[in-house]
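Analysis of the macromolecular model
Residues per chain are reported as follows:
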Amino acid sequence: MARLKLLLMFVVIVIVVLGLGFAWGAAGRVAAQRAVDETKQQLDLAEARGKLLEARVSLYNVNFGDAQRQLDEAKTPLTRARDRFQQDDKRDAAEGINAALAHLQEAQRLAGRLDPNANNQANEALKAIQVATSK
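Residues numbered from 1 in each chain as written. Predicted model: local features only at pLDDT ≥ 70, side-chain atom pairs only at ≥ 80, totals over all residues. Heavy atoms only, no water.

Some points on the nonpolar core
Across soluble globular proteins, nonpolar side chains show a tendency to be buried alongside one another. The biggest cluster of nonpolar side chains holds 22 residues, and the ones touching the most others in it are L45, L52, L78, I97 and I129. For this core, the secondary-structure elements that each account for two or more residues are α1 (2-60), α2 (64-87), α3 (91-112) and α4 (118-133). With 7 residues, α3 is the single largest residue contributor to this core. Each residue touching L78, except ones within four places of it in the same chain, is listed here: L45, A48, I97, A100, L101, L104 and I129. Among the nonpolar cores identified, the runner-up in size contains 6 residues, and L59, A67, L110 and A111 belong to it. (Core = buried A, V, L, I, M, F, W, Y, C linked by side-chain atoms within 4.5 Å. Buried < 20%, exposed > 50% of the residue type's maximum accessible area, 1.4 Å probe, protein only. Helix = DSSP H or I, 4+ residues; strand = E, 2+ residues; numbered from the N terminus. Contact = heavy atoms within 4.5 Å.)

What follows is the structure, given as structure tokens:
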């Protein structure tokens, strides 16, 4: 009887220790996942800014074809960033990214017409990204 009682206590202690270890490990995983998500968001925004800046340089050099390609490449990371903002219920930031996407599309349309005002629209897209990320 004493052995059975001792064995039962040992099993209960092992279960409690395993449960505490699992809870402790899960708590660290949530914080790590949050940090990874934030880093992905910053990377997407930096990639979009870089492509927009490259497009502005191409527009300044009157290379409209290259500018159109770079503007098109900037859409993907901006769309991912907007979707993450929407998932995180950051509506103001998501709306700011939507405004940046609208400016980007207008810049791309103007670059297709060989209009130098595409540079102004690309600049407005950059400003919209900056405003969105400051919220």
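That was the structure; now back to the text.
Here we look at the side chain of Q41
Here Q41 lies in helix α1. Relative accessible area serves as the criterion here: at 6%, Q41 is assigned to the buried category. Ignoring anything within four residues of it in the chain, the contact list for Q41 reads R80, A81, R84 and F85.

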